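# Structure at a glance
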Amino acid sequence: ALASAWAAGPMGHAAALTATTYDSEETFLSSFTKGRQSINALKAYGAQVLHDIDARMLHTADGVKILGPFDCIIWNFPHTR
């Protein structure tokens, strides 16, 4: 929800927004009933959505390392269900 609100902000697009999940896409979708809806909304705004990302290791994560440096990192902490 937070990432979607950010993506839909004043510019109406999220070309520079990368949203990540700690879980695999499969686990994320089975855990959150509106997960697919959230992913589709973010992508519709132009955001990149990545799964299996440990935010503590952004400097090594495949697909994320090349995106930095980041202007802002927002942690949805703690990782809970």
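Residues numbered from 1 in each chain as written. Predicted model: local features only at pLDDT ≥ 70, side-chain atom pairs only at ≥ 80, totals over all residues. Heavy atoms only, no water.

Helix and strand counts for the protein stand at 3 helices and 2 strands. Each helix (α) and strand (β) of the protein, taken in turn from the N terminus, gives the series α-β-α-α-β. The burial tally for the protein puts 25% of its 81 residues in the buried class. Accessible surface for the protein amounts to roughly 6000 Å². Of this, 56% is attributable to carbon and sulfur atoms. (Helix = DSSP H or I, 4+ residues; strand = E, 2+ residues; numbered from the N terminus. Buried < 20%, exposed > 50% of the residue type's maximum accessible area, 1.4 Å probe, protein only. Areas by Shrake-Rupley, 256 points an atom, 1.4 Å probe, with all protein chains shown as cover.)

One can find E26 in helix α2 (residues 25-31). Using a relative accessible area of 66% as the deciding quantity, one classes E26 as exposed. In this structure, the C-alpha to C-alpha distance between E26 and H51, residues 25 residues apart in sequence, is 9.2 Å.

Checked against the element boundaries, H59 lands in the segment after β2 (48-50). On the basis of relative accessibility, which here comes to 51%, the residue H59 falls in the exposed class. Between the alpha carbons of H59 and P69 there is a distance of 9.4 Å; along the sequence they are 10 residues apart.

With that settled, the discussion passes to the packing of aromatic side chains. Tallied over the full model, the rule gives 1 aromatic pair. When the ring of F28 is compared with that of F32, the centres are 5.1 Å apart and the planes differ by 40 degrees; the resulting orientation is tilted. Given the relative accessible area of 14%, F28 is considered buried. With relative accessibility at 33%, the residue F32 sits in the partly exposed group. (Phe/Tyr/Trp six-rings, centres within 6.5 Å; stacked < 30°, edge-to-face > 60°.)

Moving on, we get to the confidence of the model for the protein. Residues of the protein with pLDDT of at least 70 account for 65%, and the chain-wide mean is 77. Confidence scores differ between elements of the protein, with helix α1 (residues 2-7) showing the lowest mean pLDDT of 60 and α2 the highest of 94. (pLDDT = per-residue confidence, 0-100.)

Positionally, T21 belongs in the loop between β1 (18-20) and α2. Setting aside anything within four residues of it in sequence, one finds T21 in contact with F28, L50, H51, D52 and I53. (Contact = heavy atoms within 4.5 Å.)

Here we take up the nonpolar core. Counting 7 residues, the largest nonpolar core is built from L17, A19, F28, I39, L42, A47 and V49. Those residues in contact with F28, other than ones at most four positions away along the chain, are T21, D23, G35, I39 and H51. (Core = buried A, V, L, I, M, F, W, Y, C linked by side-chain atoms within 4.5 Å.)

For the rest of this paragraph, the subject is unusual backbone geometry. With a phi angle near 60 degrees, D52 is a residue other than glycine that sits in the positive phi range. Mapped onto the secondary structure, D52 falls in the segment after β2.

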